[in-house]
Amino acid sequence: MRIATWNVNSVRSRMPRLLPWLDQRKPDVVCLQETKLDNDSFTELLADELAGRGYEFAHHGEGRWNGVALVSRAGLDDVVLGLPGEPGFPDPEARAVSATCDGLRVTSVYVPNGRTPDDPHYQYKLTWLGALREAAAGDAERAVICGDMNIAPTDADVWDPAVFVDSTHVTPPERAALAELTKLGLHDVVRDRWPDERVFSYWDYRAGRFHQDLGMRIDLILAAEPVAGRVAAAWIDRQARKGTAPSDHAPVIVDLDEAPDGNIGPMVPPPSNPKRRPGHPT
DNA sequence: ATGGCCGTTTGAAACGGA
C-alpha cells in the first residue's frame, strides 16, 4: 500500500499538478494539507475527478485558510474531523482529519505555523501538538500521522541552522512536542530510511531556493511500530516541486508491504542504486 | 542567505506562509 502526504498550497490552484501526480504515483491513500477551500467547494472541484480514479475522500475545510483532506482507495471508515479537545485561535481551525484505511488509522494534519516564538500562535501550536499526542496515544499500534508538522525534527532538517536561530520550526519546545509522538512508538519513516541524507520537503519560492536545494524537512510520515516494520520504501517526491506552478512543498511517499497476516515473508529492502535514489536531490 | 514568491481576498494592496 502506498501512502502519500502533500501540502498543496491551495488545491484549486494545484489542480494541474495534483491530478497528473495522482495518475503518475498512484497512491492508495493521500493526505492533503492547505486545501484552502470549504467542504462544498472541495466537493465541487474534486469529487468527480477522484471518483473517476476510484477514490473516496473526506475533507475538513473552512475556506480561505488551512483545510485538510484524506483521499483513499483503501477504505475510508470512521472519519473524524478535527482532534478531540483541540484548541483554537480562538475557534478550532481545519487542521486534522482521520479515518481508518485498510486497518490503519490515518490522520492528515496541518500543524499551526507558530509565526514567531513570542507570538500567541506559538503557544497555540504547542497546545495543538498536545492534542495530537493525546489522539495518537489512543491508536499507538496502528496510527499513521501524515502531514505538515511545521517542525524540523533536527538541525539536519534545515539547510542552514544559523538562519533559523530564534525562529519557529526549530525551537526545543517544538521539537520536544514532536518527540512526544515518537515516544509513543511512532517512527519518522523517511529519516529512518535516509539517516544521513540531505532530504527536504519544503523550499521557499523565493531566491531560487529549490534549485540550490536550500530547504527544510517539515512534512513527515509518522508510523506506529508495526506499520514502520512494513516500510518497503520512503522518499520525498522532488519531481513534484519542479516545473510549472508547483506547491512550495513536495509530497512524501511511503510504500508498505502487506500486513503480516498477508504472510509474504520478511521485508525486502528497496533496490539500492547510489546514482539514482528516490528522495535524493537530482 | 527572509526586500526578491505565491495564493487569497479583493478589485490595489494587505496578509499568511516557513
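Basis of the calculations
Residues numbered from 1 in each chain as written. Chains lettered and ligands numbered in written order. Predicted model: local features only at pLDDT ≥ 70, side-chain atom pairs only at ≥ 80, totals over all residues. Heavy atoms only, no water. Helix = DSSP H or I, 4+ residues; strand = E, 2+ residues; numbered from the N terminus. Rg over C-alpha atoms; globule rule 2.2 N^0.38 Å. Buried < 20%, exposed > 50% of the residue type's maximum accessible area, 1.4 Å probe, protein only. Contact = heavy atoms within 4.5 Å. Areas by Shrake-Rupley, 256 points an atom, 1.4 Å probe, with all protein chains shown as cover. Expected span 1.5 Å × (residues − 1). Arc of directions from axis to C-beta. Near = heavy atom within 4 Å. Polar contact = N/O pair within 3.5 Å; in protein donor to acceptor, adjacent residues only side chain to side chain. Salt bridge = Lys/Arg side-chain N within 4 Å of Asp/Glu carboxyl O. Pairing = 2+ DSSP bridges. UniProt positions renumbered as here; feature names shortened; annotations may be inferred. Phe/Tyr/Trp six-rings, centres within 6.5 Å; stacked < 30°, edge-to-face > 60°. Lys NZ or Arg CZ within 6 Å of the ring centre and 35° of its normal. Core = buried A, V, L, I, M, F, W, Y, C linked by side-chain atoms within 4.5 Å.

Participant: Talk me through the overall build of chain A; I want residue IDs and the actual numbers.
Facilitator: Secondary structure summary: chain A contains six helices and 12 strands in total. Relative to a compact globule of 282 residues, whose C-alpha radius of gyration would be 19 Å, chain A shows 18 Å and is just as compact. Based on the C-alpha atoms only, the size of chain A along its principal axes is roughly 50 × 45 × 40 Å. Looking at the 282 residues of chain A, the share that counts as buried comes to 56%. Long-range pairs, those at least 24 residues apart, make up 71% of the contacts in chain A between residues at least 6 apart in sequence. Summed over its atoms, the accessible surface of chain A is roughly 12400 Å², and 52% of this surface lies on carbon and sulfur atoms.

Participant: With reference to specific residues and values, describe helix H4 (residues 172-183).
Facilitator: With 12 residues, H4 extends 16 Å between its outermost C-alpha atoms, agreeing within 8% with the 16 Å of an ideal straight helix rising 1.5 Å per residue. Glu-174, Arg-175, Ala-177, Leu-178 and Leu-181 are the residues of H4 that are buried. One face of H4 carries all of its buried residues, which in axial projection span an arc of 155°. Seen from the buried face of H4, the exposed residues on the opposite side, beyond 90 degrees, are Pro-172 and Lys-183. In this structure, the buried side of H4 is in contact with helix H3 (120-137) and strand E10 (219-223). Positive backbone phi, at 105°, marks Gly-185, one or two positions downstream of H4.

Participant: Outline the protein's contact with DNA strand B, listing residues and values.
Facilitator: In the vicinity of DNA strand B there are 26 residues, among which Ser-10, Asn-113, His-169, Arg-206 and Arg-209 approach most closely. Contacts to DNA strand B include Asn-113, whose side-chain N or O atom sits 3.2 Å from a phosphate oxygen. At 3.4 Å from a sugar or linking oxygen of DNA strand B is found a side-chain nitrogen or oxygen belonging to Tyr-202.

Participant: Run through the pattern of salt bridges, naming residues and quoting values.
Facilitator: This structure, assessed with the given rule, holds 18 salt bridges. Here Glu-93 makes a salt bridge to Arg-95, at a shortest N to O gap of 2.8 Å. With relative accessibility at 16%, the residue Glu-93 sits in the buried group. Two residues, Arg-217 and Asp-188, come together in a salt bridge whose shortest N-O distance is 2.8 Å.

Participant: Any details on the pairing of E10? Residues and values, ideally.
Facilitator: Regular strands have side chains that alternate between both faces of the sheet. Counted residue by residue, E10 has five buried out of five residues, so it is predominantly covered. Side-chain alternation along E10 places Asp-219, Ile-221 and Ala-223 on one buried face and Leu-220 and Leu-222 on a second face that is also buried. Direction of pairing for strand E8 (residues 143-148) relative to E10: antiparallel, over a ladder of five bridges. Bridge assignment links Val-144 to a residue of E10, and that residue is Ala-223. Where strand E9 (residues 187-188) meets E10, two bridges bridge the pair, whose relative direction is antiparallel. Of the residues in E10, the one forming a bridge with His-187 is Ala-223.

Participant: Account for the UniProt feature "domain: Endonuclease/exonuclease/phosphatase" (unreviewed entry) in chain A, naming residues and giving values.
Facilitator: Summarizing the sequence annotation, UniProt attributes the feature "domain: Endonuclease/exonuclease/phosphatase" (unreviewed entry) to residues 4-249 in the numbering used throughout. Between the C-alpha atoms that bound residues 4-249 there is a distance of 13 Å. The span itself is 28% helix and 23% strand.

Participant: Would you mind going over the environment of Asp-78 in detail, with residue names and values included?
Facilitator: Residue placement: Asp-78 occurs in strand E5 (residues 77-81). Those residues in contact with Asp-78 that sit more than four places away from it in its chain are Ser-98, Ala-99, Thr-100 and Arg-105.

Participant: Please set out the packing of aromatic side chains residue by residue, giving values where relevant.
Facilitator: Evaluation of the coordinates by the stated rule reveals five aromatic pairs. Arranged with centres 6.1 Å apart and planes meeting at 80°, the rings of Trp-159 and Phe-164 form a pair that is edge-to-face. By relative accessible area, Phe-164 is classed as buried at 13%. In this structure, Arg-193 is placed above the aromatic ring of Trp-194, and the distance from its NZ or CZ to the ring centre is 4.4 Å.

Participant: How would you sum up the nonpolar core? Please name residues and give values.
Facilitator: Membership of the largest hydrophobic core comes to 81 residues, with the highest contact counts inside it found for Ile-3, Trp-21 and Val-106. If one sorts the elements of this core by residue count, H3 sits on top with eight residues. Other than its neighbours up to four places away in sequence, Val-106 contacts Val-29, Cys-31, Leu-70, Val-97, Ser-98, Ala-99, Cys-101, Val-144 and Cys-146. The next biggest cluster of nonpolar side chains, apart from the first, holds seven residues, and it includes Ala-152, Phe-164, Val-170 and Tyr-202.

Participant: Please set out the side chain of Arg-2 residue by residue, giving values where relevant.
Facilitator: With respect to the secondary-structure elements, Arg-2 resides in strand E1 (residues 2-7). A distance of 2.6 Å separates a polar atom in the side chain of Arg-2 from a polar atom in the side chain of Asp-255. Arg-2 has contacts with Arg-25, Lys-26, Pro-27, Asp-28, Val-29, Trp-235, Ile-253, Val-254 and Asp-255, leaving out every residue within four places of it along the chain.

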